[in-house]
Amino acid sequence: MSSTGVRRPILSTGVRRPQAWLIAIGAATVVALVLRLWGISHQSFWYDESLTVDEMHMRFTRMLTEVRLHEVTPPLYFASAWFWTKLFGTSEAGLRSLSVIAGVLTVPAAAACAATLAGRRAAVITAALVAVHPLLIWYSQEARSYALLTLLCTLSWLFFLRAARDGGSRDLALWAVASALALATHYFALFLVAPELAWLVARGLRRRPVWFAALGVVAVGLVLLPFAIARRSSGTGWIHGIALDLRLRQIAEQFAAGFGRTPAILVASAALVALAVAALLAGGERPMRRAAWMALATAGAALLPALALVGLGLDYLITRNVIFALVPLVVCVAIGLAALRARWAAAAAAVALAALGVAATVRVDTSAALQRPDWRVVARALGPDVHARAIVVAGSYRGRPVKTYLPHTGFMTQPAPAVREIDIIGMRGPREAGCWWGAECNLPDATPDTRPPARGFHLLSRQRAGNFTIARFGSATPVAFDTCSATFRSGARFRGTRAVSVIVLVQRLPQARRRHAPHARHGHVRPGHVRPARTPPARGSAHRSRFGCVTANRGPQQIGK
């Protein structure tokens, strides 16, 4: 009997050749790579990712300062991405490829966890399910920390299982490294690492390697604690606006089928999970049942503390913040399917569950309403700048990616710049209660009015670009921004179902570029952060106009993080 209470099962029924199970896991890893690379640059950056893009264009020390001041997660992902982009660039594929690698490596890591707990058949099923899981694929194609968090937490759990079983110093050291890195990636990793640490200390109280590993992890946690306390409420207020019962339902549904869930997919997935549970309860051997309970307890240790914090007024419970709990749940289901006595039944159920994951992924890939907003089509519609212009985007901070795709564009500065063109961008997005994951349902329903926004401007054009509507206004003489007001949040600028906040950007090309701008290729799109030109208001022929703006880079109601 192992120290974790689970025998190391020797399963000879799952494979005939000694290395066949490793070949199967390798094949699942290749499938994971293909699915995560497929369409990696199909979707444009959305708001959260535009923050990452800006930070990647800073000096390293300034980037770390920016992360400390404005991000609500620790700096490991951003530091890793900063070096990564020096090799692969900041395009969608280049920046997201770091998450792709993390997502692919999660497949063999999760399979190793299942093998440690319940043997080879459970490992193969786990690899297949993790490889095609739609939620893990989504975050493996996002330039944020969640894929890296999932990988590091899976490695922490793997080395914990091995250290608890064998007590080897090497596994303890690897557990300490993986746990410390997980904590440096996301503060919620504490909910996984803390129970592991307590178990290891309780079972190896007098062993020096255990104390060295535990003290190392605690030291990293103490270093990060002041940052976690300082950023405990920044950028997370939007979570409180979603009803808790809705968020709990979202966690269950998105863990089952990602963002491409449908009633049919959810019902079929629930039926297969119920089959796995029934197999464990009815015919599973005692070591298999114990292994499944351990996987379930690991997932519960990650989810329950986050739920308990809600009662203390610290509400951060959202699917992506607890995504690392998905791997132990998948392992639990895989153990249940592996417990089926009929091999063909286990294989058929695993294939069916994997097919549902692929179906949900395909649904996201083929539905614009389920994808991230396509800000590249907006940049192409705006075209190259031939003179200074203001760009007013409905949805406030959600429109920040426009700045990412238009060169020499930044937030409005003081003194106010003079412009001869004002482009107002509205959009129409399908609404879904509690939508937060960057899909187009995150956009407000706001149609720009065709009346001129200020004296001296007249309508140049009004066009549709995807889900966006762009109204362009021009003036014969430069007009300077004067003050910020609530004008653009009223019905005078947008027609929609509710008041609309906006963000105002200014694009000004350098003089040398401006002379050649008419010959620029239409629709040029280049991600990157460039400070806006600080041009004083024009004098003489320029008149001043009052119209609204939202110039804050990061507001208290950010959806990001």
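Every value quoted in this text rests on a predicted model; they were computed, and no experiment measured them.

Caption draft 1: View of the pairing of strand 8 (residues 502-507). The element strand 8 is largely enclosed, with a buried count of 6 among its 6 residues. The alternating pattern of strand 8 places Val 502, Val 504 and Val 506 on one face and Ile 503, Leu 505 and Gln 507 on the opposite face, and all of these are buried. Pairing between strand 1 (residues 389-394) and strand 8: 6 bridges, direction antiparallel. Considered in strand 8, the bridge of Val 392 is made with Val 504. Direction of pairing for strand 2 (residues 409-411) relative to strand 8: antiparallel, over a ladder of 3 bridges.

Caption draft 2: Molecular detail of a nonpolar patch on the surface. Residues Val 218, Leu 222, Leu 225 and Ile 229 make up a contiguous nonpolar surface patch of roughly 350 Å² in combined accessible area. Its place among the elements puts Val 218 in helix 11 (residues 208-230).

Caption draft 3: Representation of the pairing of strand 3 (residues 418-427) within the structure. Across the 10 residues that make up strand 3, a large majority, 9, are buried. In this structure, strand 1 lies alongside strand 3, joined through 5 bridges in parallel fashion. Directly across from Val 392, in strand 3, lies its bridge partner Ile 424.

Caption draft 4: The arrangement of unusual backbone geometry in detail. Notably, His 408 is not glycine yet its phi reads approximately 55 degrees, a positive angle. Examined against the element boundaries, His 408 turns out to sit in the loop between helix 19 (401-405) and strand 2. Residue classification places His 408 among the buried residues on the basis of a relative accessible area of 14%.

Caption draft 5: Local environment of the nonpolar core. If you look at the biggest cluster of nonpolar residues, it comprises 165 residues, and the most contacted ones within it are Leu 117, Trp 175, Ile 335, Trp 375, Val 378, Val 402 and Ile 425. Among the elements that make up this core, the one with the highest residue count is helix 8 (residues 146-166) (12 residues). Residues contacting Trp 175, with those up to four places away along its chain left out, are Ser 156, Phe 159, Phe 160, Val 193, Glu 196, Leu 197, Leu 200, Ala 213, Ala 214 and Val 217.

Caption draft 6: Representation of the pattern of salt bridges in the model. With the rule as written, the count across this model stands at 19 salt bridges. For the salt bridge of Arg 376 with Asp 374, the shortest nitrogen-to-oxygen distance reads 3.9 Å. Residue class for Arg 376 comes out buried when judged on its relative accessible area of 13%. Taking the relative accessible area as the measure of exposure, Asp 374 reaches 26% and is therefore partly exposed. Three or more residues joined by partner-sharing salt bridges are found here, namely Glu 49, Arg 96, Glu 142 and Arg 372.

Caption draft 7: Up close: helix 4 (residues 76-88). A rise of 1.5 Å per residue sets the reference length of helix 4, with its 13 residues, at 18 Å; its end C-alpha atoms lie 18 Å apart and thus fit the reference within 8%. Buried residues of helix 4: Tyr 77, Phe 78, Ala 79, Ala 81, Trp 82 and Thr 85, and no others. If you follow the buried residues of helix 4, they end up packed against helix 2 (47-56), helix 3 (60-70), helix 5 (92-118) and helix 8. Two residues or fewer after helix 4 comes Gly 89, characterised by a positive phi angle close to 85 degrees.

Parameters and conventions
Residues numbered from 1 in each chain as written. Predicted model: local features only at pLDDT ≥ 70, side-chain atom pairs only at ≥ 80, totals over all residues. Heavy atoms only, no water. Buried < 20%, exposed > 50% of the residue type's maximum accessible area, 1.4 Å probe, protein only. Helix = DSSP H or I, 4+ residues; strand = E, 2+ residues; numbered from the N terminus. Pairing = 2+ DSSP bridges. Patch = residues over 30% accessible without salt bridge, like charges linked within 9 Å, V, L, I, M, F, W, Y side chains within 5 Å. Areas by Shrake-Rupley, 256 points an atom, 1.4 Å probe, with all protein chains shown as cover. Salt bridge = Lys/Arg side-chain N within 4 Å of Asp/Glu carboxyl O. Core = buried A, V, L, I, M, F, W, Y, C linked by side-chain atoms within 4.5 Å. Contact = heavy atoms within 4.5 Å. Expected span 1.5 Å × (residues − 1).

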